[in-house]
Amino acid sequence: MRKSFETIKIIRADTLDTRDVFVVKLAHEDIPTRTLYIDAETAHILKLRSAEMGPGIGTIPVTVRYEDYRDVAGLRLPFRIV
């Protein structure tokens, strides 16, 4: 990630659906800021808040939830993305 973002900062500790999370902000001057909600116990990304840039319409806010993590060939992958 360091190659993609100029700054990566832990903003705060919080809770998301009863899970303890770290809220992390990723920033780069050329793209919209991304905010990750990372599970404090498993390090899974549970939520992503960002914006998509649309030509002629500006930015559109986007929230993505990652759920139902499972082991696949040695990797932990979310099987539900909302």
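Residues numbered from 1 in each chain as written. Predicted model: local features only at pLDDT ≥ 70, side-chain atom pairs only at ≥ 80, totals over all residues. Heavy atoms only, no water.

Colleague: So what exactly am I meant to see when it comes to the environment of Gly-58 here?
Modeller: Structurally, Gly-58 is set in strand S5 (residues 58-72). Residue classification places Gly-58 among the partly exposed positions, given a relative accessible area of 35%. Gly-58 sits 15 residues away from Ala-73 along the chain, and the two C-alpha atoms are 40 Å apart. (Helix = DSSP H or I, 4+ residues; strand = E, 2+ residues; numbered from the N terminus. Buried < 20%, exposed > 50% of the residue type's maximum accessible area, 1.4 Å probe, protein only.)

Colleague: How do you make sense of the sheet that holds strand S3 (residues 31-39) when you look at a structure like this?
Modeller: Working definition: the strands of a sheet are paired by backbone hydrogen bonds and lie parallel or antiparallel to each other. Across the sheet, which stays open at both edges, the 6 strands sit in the order S1-S2-S3-S4-S5-S6 with antiparallel pairing between neighbours. Single-partner strands in this sheet number two, and they are strand S1 (7-16) and strand S6 (75-81). The mean inter-strand angle of the sheet, taken between neighbouring strand axes irrespective of direction, is 30°. Sheet analysis places strand S2 (residues 19-28) next to S3, joined by 7 bridges and oriented antiparallel. Bridge pairing in S3 places Val-21 opposite Asp-39. (Pairing = 2+ DSSP bridges. Axes fitted to C-alpha atoms, helices over the stretch in contact; angles between N-to-C directions.)

Colleague: Is there a simple way to explain unusual backbone geometry in this structure?
Modeller: With glycine set apart, most residues show a phi of negative sign, and most peptide bonds adopt trans. In this structure, Thr-18 takes a positive phi of about 70° despite not being glycine. Checked against the element boundaries, Thr-18 lands in the loop between S1 and S2. With a phi close to 50°, Ala-73 is a non-glycine residue in the positive phi region. Here Ala-73 lies in the loop between S5 and S6.

Colleague: I keep staring at the pairing of S1 and nothing clicks. Help me out?
Modeller: In the case of a regular strand, side chains alternate between the two sheet surfaces. As paired elements, S1 and S2 share 9 bridges and run antiparallel to each other. Across the sheet, Ile-8 pairs through a bridge with Leu-26, a residue of S2. Taking the residues that link successive antiparallel strands as the turn, the S1-S2 hairpin has 2 residues, and the phi of Asp-17 there is positive, at about 55°.

Purely geometric numbers; function is a separate question.
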